[in-house]
Amino acid sequence: MKKQWRIVLMAGVTVLILLGWAIWSQLKPQTSYHTLLIGGSSTVHPYAEALAQAYTEAHPDFKIHCVTGGSTPGLLAVANDAIDLATMSRDLTEDEDGANLKNYLIGRDGLGFIVHPDNPVQNLSLAQLEAILAGEITDWSALAGISSTSMENTGAIPEPIQIISSPVDSNTFTIASDLLLLGEELPASTVYAADAADVQAKVAADPNAIGLVCLHEANASSRFLTINQVRISRETLLTLRYPLTHSFYLVLNLQHDRLSPDPATSNLGEWLLRFFKLDSEQLVQIRSEAILDFVDFVCSRDGQQVIESLGAVSVY
Amino acid sequence: MIFGYLTLHRTLAKYMALPLLVLFLAACQSAAVPAAEARHSIHIRGSGALMPLAQLTAENLMQEQPEAIVTVSGGGSGRGILSLIDGTCDIALASAQIIPELEALAADRDVQLESAIVAYDAIVPFVHPANPVRNLTLEQLRSLYDGTLTSWSEVGGPNLPVVLISRNASSGTYEAWKQLVLGPKSILSGQALLMESQPMKTYVSTHPEAIGFSAFSYLDDSIAPLAVDGAAPTRSAIEQGQYPLRRPLYVYFRADAPEPIRTFIRSIQQTASEHSESLGLFAGEG
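Parameters at a glance
- Residues numbered from 1 in each chain as written.
- Chains lettered and ligands numbered in written order.
- Predicted model: local features only at pLDDT ≥ 70, side-chain atom pairs only at ≥ 80, totals over all residues.
- Heavy atoms only, no water.
- Helix = DSSP H or I, 4+ residues; strand = E, 2+ residues; numbered from the N terminus.
- Buried < 20%, exposed > 50% of the residue type's maximum accessible area, 1.4 Å probe, protein only.
- Contact = heavy atoms within 4.5 Å.
- Areas by Shrake-Rupley, 256 points an atom, 1.4 Å probe, with all protein chains shown as cover.
- Buried area = accessible area lost by both parts, 1.4 Å probe.
- Salt bridge = Lys/Arg side-chain N within 4 Å of Asp/Glu carboxyl O.
- pLDDT = per-residue confidence, 0-100.
- Pairing = 2+ DSSP bridges.

Undergrad: How should the overall build of chain B be read in this particular structure?
TA: Within chain B one finds 9 helices and 11 strands. The buried share of chain B, taken over its 286 residues, is 50%. The contacts in chain B between residues at least 6 apart in sequence include a share of 75% that link residues at least 24 apart. Accessible surface, chain B as shown: approximately 13,400 Å² in total, 58% of it carbon and sulfur.

Now the structure itself:
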């Protein structure tokens, strides 16, 4: 009699443990096993991919898909709850903005212009810079504000402007397109360097050159022009005072009522969800938590180090 | 003896299994929640009218404390306060008091806000330099912006239809314009084109029939500022209170803001009083 009781008790305990394990392995992963869909700016894309990789390394149950397509389509997609997070490389306009859109500043980068040490030009206005890149100003002497005496003093008189650009598939070029070129092409005389170091080398060798580089690509010998009298630096990017600053945002929609794109991980999981009456509201909650956990990571020290490692300025 | 011990053990196991399981599950749950990290950064967002002041204060702080991070972003007064409510900024720059909709949203999300006046500035209507009109009464401005007057000839100008330019409703400058110019009884004409400050200035500088308005600090030679009720928008007229369209500029912050945020707000106020002229702002009550 006693022995039978023990068997029943042991069986009961075993069943409880197994059931507990089943609940844990099916429901618990449910809160962490998740697929996030992130889309938007092609400038932010490499950052999003690196952040996703770092996050999924620490959370192996997580899957994050990053797609590009531009800031505006990304914003539209997140506003319509078609994706989890939008990446944007510009501020939202007042018309696009809404009370349900939460936008996190996650990093900044800036486009700088370097010249040869002998070039007497110190500053360009944004308008002058636009005219140079559009091929409307082709000669250094045509720039207003440069007195002929200051040019003579240097001995070397720079004349035709030689633009040195990063390759068209570089992040620097993408930023230049976003901030200045707005879809236009650089003049035909532009020389495309192999990489940022090559831009530096070509500018160092040519007194007439002006090179496009991001802040982090500069080295000790780079001589940046001030733009609208503002020097490019970590501080002027953080305060947005430097005119060619790029802000990276993650935008989430606070009013998402869509379920996870990957709601159940297995048939048993689905059965348990039904069995324990986990309703769609809880699944939406689970999705929200997954999104916020990723955003928390991006804004954490670890996430910001990923941003820094790719060259942008960290903001947390 | 051994048998007895095992029995006790099994009994323990029997009674402890479930509580232990519950504890285990709870532990798994809490382990998944990342430890909150202390933030060593200050994030400021909002009105363009206060950005130069915030930028100067932020850069001064970062020069003194190289490890500090202070970010400044625009987006308008409404976005600033919205970001304060949703937690994506610490200080909102606002060129008008919080609008009732955002006040309700803050209450709804259980966020308590405080505000402080950091400086004053003026809102100035402006036209294309070729437009001969240089002065309007407050009454004329109201009649233009509510759509009652539709031709420049009705206010002493050429026979051209008036093209109204305004900021949109999330702008603090619009809010102040609504209070100071339109007043409680008039509403903005539906014909008005809505633009942000810089595009508005560009538009008016290239369209002789247009009229717009902006903060005093945005004025430049590309447009012609208008006197209001005979008072030209000069520094001295604004300082002495003769120019009528003057408004306070605020910072908003959470009532539970930690000391570094409050310290920074005091720095903003101090910077405003020290550099008001170069920033295009005005200190004190006046």
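Undergrad: Looking at this model, I keep getting lost on the interface of chain A and chain B. Mind explaining?
TA: In many reports, interface size means the accessible area that the parts give up when they come together. The interface is formed by 37 residues belonging to chain A together with 44 residues belonging to chain B. Taking both sides of the interface into account, the surface hidden between chain A and chain B amounts to around 3,300 Å²; carbon and sulfur atoms contribute 55%. If you sort the residues of chain A by the area they bury against chain B, E94, T239 and Y316 of chain A come out on top, with a joint share of 21%. On inspection of chain A and its partner chain B, the count reaches 2 salt bridges. When the shortest N-O distance is used, the salt bridge between D97 of chain A and R79 of chain B registers 2.6 Å.

Undergrad: Quick question: what am I supposed to make of the confidence of the model for chain B here?
TA: Residues and elements named next belong to chain B. Across chain B, pLDDT averages 88, with 86% of residues at or above 70. Taking the mean pLDDT of every element in chain B, the minimum, 50, falls on helix α1 (residues 2-31) and the maximum, 98, on strand β3 (residues 91-94). Within the model, pLDDT remains below 50 along residues 25-39, and this stretch shows 11 contacts once partners closer than five positions in the same chain are excluded.

Undergrad: Which parts of the structure should I look at to understand the sheet that holds strand β8 (residues 209-214) of chain A?
TA: Strand pairing in a sheet relies on backbone hydrogen bonds, with the paired strands running either antiparallel or parallel. Residue and element names in this part refer to chain A. Judged by pairing direction, the sheet is mixed, and its 8 strands sit side by side in the order β2-β1-β3-β10-β4-β8-β6-β7 without closing on themselves. For this open sheet the edge positions go to β2 (62-68) and β7 (191-192), each flanked by a neighbour on one side alone. Pairing analysis gives 9 bridges linking strand β4 (residues 101-115) to strand β10 (residues 245-253), with the strands arranged antiparallel. Looking at the pairing, D109 lines up with H246 of β10.

Undergrad: Hey, could you run me through the environment of L84 of chain B in this one?
TA: All names here are of chain B. Mapped onto the elements, L84 comes out in helix α3 (residues 76-86). Taking the relative accessible area as the measure of exposure, L84 reaches 0% and is therefore buried. If sequence neighbours within four positions are ignored, L84 has contacts with C89, D90, I91, A92, L113, Y252, F253 and R254.

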